[in-house]
Amino acid sequence: MVGTMAGTHIRFEFNPSLTDDALNTLFGDSWPDHEPCEFTDVLRRSLVYVGAFDRDQLIGFVYLAWDGGVHAFLLDPTVHPKYRRQGIGLELVRHAIELARARGVEWIHVDFAAEIQPFYEKAGFRPTLAGLIHLRDRSL
Ligand SMILES: CC(C)(COP(=O)(O)OP(=O)(O)OC[C@H]1O[C@@H](n2cnc3c(N)ncnc32)[C@H](O)[C@@H]1OP(=O)(O)O)[C@@H](O)C(=O)NCCC(=O)NCCS
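Numbering of residues starts from 1 in each chain and follows the order in which that chain's sequence is written. Only residues with pLDDT of at least 70 are given local features in this predicted model, and only at 80 or more are side-chain atom pairs given and counted; all residues enter the totals for whole chains, interfaces and linings. Derived side-chain values reflect all non-hydrogen atoms in the structure, with water molecules and hydrogen atoms excluded from consideration.

Caption draft 1: Seen up close, the packing of aromatic side chains. Each pair of aromatic rings taken from Phe, Tyr and Trp, with Trp reduced to its six-membered ring, is defined by centres within 6.5 Å and is described as stacked if the planes are under 30 degrees apart, edge-to-face if over 60, and tilted in the remaining cases. Scanning all chains against the criterion turns up 8 aromatic pairs. Pairing Phe 27 with Trp 31 gives two aromatic rings, centres 6.4 Å apart and planes at 20°, and the pair type is stacked. When accessible area is computed with a 1.4 Å probe and restricted to protein chains, residues below 20% of their type maximum are described as buried, those above 50% as exposed, and intermediate ones as partly exposed. You can call Phe 27 buried: its relative accessible area is 4%. With a relative accessible area of 36%, Trp 31 lands in the partly exposed category. Summarising the aromatic geometry, the rings of Phe 112 and Tyr 120 are spaced 4.5 Å apart at their centres and angled 10° between planes, so their arrangement reads as stacked. Chaining the aromatic ring pairs together yields one cluster made of Phe 27, Trp 31, Phe 39, Tyr 49, Phe 61 and Tyr 63.

This is the structure in structure tokens:
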């Protein structure tokens, strides 16, 4: 365990044992277009993933993809709708960043839709120019 939220039962863990069922349930409840998938390979290749739990229930998740050097990419911060706006999302990101710092990562990248920018600003990300290609978008 890496920490708890003051005054709550919410606890945070690095690389906890997580089933696809638990992750698909959280993502299904949290992301409108989520399709059930396998997470095993993604988790195995990540620098770290962080889970937030209310007792035994997974209620938050984030992970860092890694280039093997000084760059990591923050992906899929997710908090169950019933638990939002209590600071859990920021705490997940903070724990991931601190682990990356301890492992020698120098740059953490992220991209996001404009409406969610306040969340990333509060998490410490500064705006930058970046590029993105969606390879399944046939119009490209
Ligand atoms: C984004 C998400 C992880 C935030 O989790 P959370 O636990 O509610 O976030 P926090 O409580 O730590 O939010 C801290 C601050 O970030 C900002 N923030 C949080 N959610 C926001 C949102 N949806 N839109 C804009 N700002 C937001 C607010 O300033 C908030 O402070 P406030 O509650 O005092 O106003 C959660 O809304 C979620 O899972 N969304 C669906 C998945 C998603 O879109 N993930 C991001 C992909 S880029």
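Caption draft 2: Fine view of helix α1 (residues 20-30). Numbered from the N terminus, helices here are DSSP runs of H or I no shorter than four residues, and strands are runs of E no shorter than two. The complete set of buried residues in α1 reads Leu 23, Asn 24, Leu 26, Phe 27 and Ser 30. Down the axis of α1, the sector holding all buried residues measures 165°, keeping them to one side. Summarising the contacts, the buried residues of α1 are in contact with α2 (40-45), β4 (57-66) and β5 (71-79). An arc is given here, and it is the one of the directions from the helix axis to the C-beta atoms. Any two residues whose heavy atoms approach within 4.5 Å at even a single point are treated as in contact.

Caption draft 3: Spatial organisation of the nonpolar core. Counting 26 residues, the largest nonpolar core has Ile 10, Phe 12, Leu 64, Leu 74, Ile 88, Leu 92 and Phe 125 as its most contacted members. Counting residues per element, the ones that place at least two in this core are β2 (10-14), β3 (48-54), β4, β5, α3 (88-102) and α4 (117-123). Here the element with the most residues in this core is α3; it accounts for 7 residues. If we skip the residues at most four places from it in the chain, Leu 92 touches Phe 12, Val 50, Gly 51, Ala 52, Gly 60, Phe 61, Val 62, Thr 78 and Val 79. Judged by nonpolar contacts, the second largest core, of 11 residues, contains Leu 26, Leu 43, Phe 53 and Tyr 63. Take the buried residues of types Ala, Val, Leu, Ile, Met, Phe, Trp, Tyr and Cys, join any two whose side-chain atoms come within 4.5 Å, and each joined set is a nonpolar core.

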